[in-house]
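Chain residues, written in single-letter form:
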Amino acid sequence: MDIERYLAEGGRVTSPQGLPPRYRAELLRLMATFVDSSLAGAAGFADIINAAPGIEARIAAAKIVLEKTDHAGRVLRVMADFGADTARYATHHPWTGRLPRSAPPEARLDTPDQRLSVFAFPLDGWTDAVVMNLVMGTAAGVQIDDLVQVSYQPLAEAVREIAPREARHTGLAAEGLAQALARGDRDRVAASLAYWTPRVAQGFGSGRPERLAQLTRFGLRHTAPETQAARWRAALAQALAPHGLSLPG
Amino acid sequence: MARFHPLTVTAVEKTIRDAVCVTLEPEDPAAFAFRPGQYLTFRRDFDGEELRRSYSICAGIDDGRLQVGIKRVEGGAFSTWANEALRPGDRLEAMPPMGSFHTPLDAANARHILGFAGGSGITPLLSIVKSVLAREPRSRVTLVYANRGVNTIMFREELEDLKNLHLGRLNVIHVLEQDATEIELFTGRVDEAKCEALFRHWIDPADVDLAFICGPEPMMLGIARSLRAHGLDDAQIRFELFASGQPGRLKAPVAGCGAAAGGAGTEARITLDGATRTVRMEPGQTLLDAALAGDLDAPYACKAGVCSTCRCKVIEGAAEMAANHALEDYEVARGYVLSCQAVPTTDRIVVDYDQ
């Protein structure tokens, strides 16, 4: 049986050998996006530890930085089987590089790494970081739901281990949001929601239909970007509702 | 990055007519600590061409030895050589164990593990079965083992011995295509229908904690469909597929030819996703940048020669890489370049991302 047909029928593969070149390339790109986003996200969050308003918050922020870096490492280990040089990879891009805060949502960072574009924007203080973490964490949850079904089994397994910890990070953000509101930071929260929501939305992309179809045939994607974006918006609205907040725009 | 390490062959035993079990002694045993279900990738030079082939470890984790099973593939240079010419005392080179077809073992577990093996797909499963039975005294294993006929059953005696050693904890169901047994259930191919029948009469899928499948693609798809239909989720189903994707022989690499590039810029013919386009390159431009500038959706990620996402093959002409941290020598010898690092050194170059 031809391997492309096997994949199209829902087959799983477990080793880099014998994979079609385009599959290999798309899979590596998918993994690079995850690794780059995690490293860039952790790098941005590292500075925020010092802005945390208390010991618990400092611990939570440090834990998020630690675990996101670890998640990057786990997926990078899967990439290593394809020849990626993991030691060099971890340091070859300036992960802290950011656009000016005022850059529009469509702006892109002029570096070749594959981070989601949202990780090109700088955080602005603790409450802003909490809101970003909630908005992005909710999106990551939707994307991870898709990624655990990926046809490359070693990646699916790595993501399965990562998923509950990513969900906890989003849970920490939800707690942080409640605390920020209790501190009377409602305006700040609303401003940050308005800032981050369109920037996170960019990450769902639209993509050329042919490419999406191919990713689906390869078993590298199971949900359409529009469906994912809708799920994200619904999940985010649900997280905001108890606080009397709603999705901007 | 994984490196090749030397190993000495200490035994080569025939398990059936066209398969051998090879025992290996690594110079660096620590590098070959394995998890049951993993495989080794060997390399060997055949008439000046390097071939790499992966074979699953069939030894259990407590067997105290490193063993792989190698079944001869029609037209397969490495497997034929291993079956016909490999002798004790020979030296081989292999990368440390790789693969994720395994499950963490814990003596406290009381699991029912269901394995499906097709032909030589038994090799990693044998390692898993042995290790689970040895390390998890409260776990049980059911193995559905598909073969053409009685004489093609690899490790038949080892499985019998395991059943006797772990009384009541290993159940082996042989399903044979030919050599029909009297029971219809155990005759034919292991496909979706056969799984349904087995689940109705023989195995309770609700009782299964984890399933391992290693065999030909259609068999794996059928089994997986049936397992999913019976409520197992993706995290409970492990697939192993690699043997069938390996070609018999490599094609000879295309030697670079053509004169050194002048300043006028190179003409590049780039094939991507089956379509070919010709672009005129700027001096010093990389193949990747030329492809992107030509509106080709060429894959890349790190643009630093680290990740291998942008790999393509030079079919005609030649290119030089500024940095290469990802491709190995044999890949470079076969004409692969990292397109983010590769600048043509000829007036004309033909590259293919689809190979």
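Residues numbered from 1 in each chain as written. Chains lettered and ligands numbered in written order. Predicted model: local features only at pLDDT ≥ 70, side-chain atom pairs only at ≥ 80, totals over all residues. Heavy atoms only, no water.

## A word on the domain arrangement of chain B
Part 1: Partitioning chain B into domains gives domain 1 (5-94), domain 2 (112-244) and domain 3 (267-352).
Part 2: One C-alpha centre belongs to domain 2 of chain B, the other to domain 3 of chain B, and the line joining them spans 44 Å. (Domains from an automatic or database assignment.)

## Concerning the sheet that holds strand β10 (residues 210-214) of chain B
Residue and element names in this part refer to chain B.
Part 1: Spatially, β9-β8-β7-β10-β11 is the arrangement adopted by the five strands of the open sheet, whose pairing is parallel. Both edges of this open sheet fall to β9 (170-176) and β11 (237-240), since each of them pairs with a single strand only. Averaged over all pairs of adjacent strands, the angle between their axes in this sheet comes to 15°, without regard to strand direction.
Part 2: Here β10 runs beside β11; their pairing, made up of four bridges, is parallel. Directly across from A211, in β11, lies its bridge partner I237.
Part 3: Sitting on the sheet, helix α3 (residues 156-165) is in contact with β8 (140-147) and β9, with an inclination near 150° to β9.
Part 4: Most of the contacts of helix α4 (residues 192-201) go to strand β7 (residues 112-118), to which it runs at about 150°, and overall it touches β7, β8 and β9. (Pairing = 2+ DSSP bridges. Helix = DSSP H or I, 4+ residues; strand = E, 2+ residues; numbered from the N terminus. Axes fitted to C-alpha atoms, helices over the stretch in contact; angles between N-to-C directions. Contact = heavy atoms within 4.5 Å.)

## Thoughts on the packing of aromatic side chains
Part 1: For the structure on display, the rule yields 13 aromatic pairs over all chains.
Part 2: Ring geometry for F78 of chain B against W81 of chain B: centres 5.5 Å apart, planes inclined by 75°, an arrangement best described as edge-to-face. Here F78 of chain B pairs with W81 of chain B, and both are found in helix α1 (residues 77-84), just three residues apart, close to one helical turn. Take F78 of chain B and W81 of chain B: they sit in the same class, and that class is buried.
Part 3: Note on F186 of chain B and W202 of chain B: the rings are 5.1 Å apart at their centroids and 85° apart in plane angle, and the pair reads as edge-to-face. In this pair, F186 of chain B sits in the loop between β9 and α4 while W202 of chain B sits in the loop between α4 and β10, placing the two residues 16 residues apart along the sequence.
Part 4: What links up through ring pairs into an aromatic cluster is the set F42, F46, Y55, F78 and W81 of chain B.
Part 5: Lying over the aromatic face of F121 of chain A, R199 of chain A brings its terminal NZ or CZ to 4.8 Å of the ring centre.
Part 6: Directly above the aromatic system of Y336 of chain B lies the positively charged group of R311 of chain B, at a separation of 4.2 Å from the ring centroid. (Phe/Tyr/Trp six-rings, centres within 6.5 Å; stacked < 30°, edge-to-face > 60°. Buried < 20%, exposed > 50% of the residue type's maximum accessible area, 1.4 Å probe, protein only. Lys NZ or Arg CZ within 6 Å of the ring centre and 35° of its normal.)

## Description of the sheet that holds strand β13 (residues 275-280) of chain B
All names here are of chain B.
Part 1: In space, the five strands of this open sheet follow the order β13-β12-β18-β14-β16, with mixed pairing throughout. Every interior strand has two partners, whereas the edge strands, β13 and β16 (336-338), have only one. Sheet twist, expressed as the mean angle between neighbouring strand axes with direction ignored, is 30°.
Part 2: The pairing of strand β12 (residues 267-272) with β13 spans six bridges and is antiparallel. When the sheet's bridge partners are listed, L272 is paired in β13 with A275.

## Remarks on the pairing of strand β3 (residues 39-46) of chain B
Successive residues of a regular strand alternate their side chains across the two faces of the sheet.
Residues and elements named next belong to chain B.
Part 1: Bridge count for β3 against strand β4 (residues 49-56) is eight bridges, and the pairing is antiparallel. Its bridge partner being in β4, F42 is matched across the sheet by R53.
Part 2: If you look at the hairpin formed by β3 and β4, you'll find two residues sitting between the two strands, and D47 has a positive phi there, around 50°.
Part 3: Here two bridges tie β3 to strand β6 (residues 91-94), and the two strands are oriented antiparallel to one another. Counted as the bridge partner of F42 is A94 from β6.

## Focus on the interface of chain B and chain A
Part 1: The interface is formed by 44 residues belonging to chain B together with 41 residues belonging to chain A.
Part 2: Between chain B and chain A we count six salt bridges in total.
Part 3: With a closest N to O distance of 3.7 Å, R22 of chain A and D297 of chain B form a salt bridge.
Part 4: There are 13 residue pairs in polar contact (both at pLDDT 80 or more) connecting chain B and chain A.
Part 5: Every element with two or more residues in the side of chain B that touches chain A is listed here: β3, β4, α5 (217-229) and β11 of chain B.
Part 6: Looking at which element gives the most residues to the side of chain B that touches chain A, the answer is α5 of chain B, with six residues.
Part 7: Within the side of chain B that touches chain A, the residues separate by chemical class into 22 nonpolar, nine polar and 13 charged. (Salt bridge = Lys/Arg side-chain N within 4 Å of Asp/Glu carboxyl O. Polar contact = N/O pair within 3.5 Å; in protein donor to acceptor, adjacent residues only side chain to side chain. Nonpolar A, V, L, I, M, F, W, Y, C, P; charged D, E, K, R; others polar.)

## What to know about the pairing of β7 of chain B
All names here are of chain B.
Part 1: Burial analysis of β7 places seven of its seven residues in the buried class, the great majority of the element.
Part 2: Across the two faces of β7 the burial is the same, with H112, L114, F116 and G118 and I113, G115 and A117 all buried.
Part 3: Sheet topology note: the β7/β8 ladder contains seven bridges and is parallel. Paired with H112 across the two strands is R140, which belongs to β8.
Part 4: Taken together, β7, helix α2 (residues 122-135) and β8 form a β-α-β motif whose crossover is right-handed.
Part 5: The pairing of β7 with β10 spans five bridges and is parallel. Counterpart to I113 in the pairing with β10 is L210. (Right-handed = clockwise from strand over helix to strand, strands pointing away.)

## Observations regarding unusual backbone geometry
All names here are of chain B.
Part 1: Of note in the backbone geometry, D295 takes a positive phi value of approximately 70° without being a glycine.
Part 2: As for its position among the elements, D295 is in the loop between α6 (287-293) and β14 (311-316).
Part 3: Classification of D295 as exposed rests on a relative accessible area of 68%.
Part 4: A positive phi angle, near 55°, is found at K303, a position not held by glycine.
Part 5: Along the chain, K303 falls in the loop between α6 and β14.
Part 6: When its relative accessible area of 30% is taken as the criterion, K303 is described as partly exposed.

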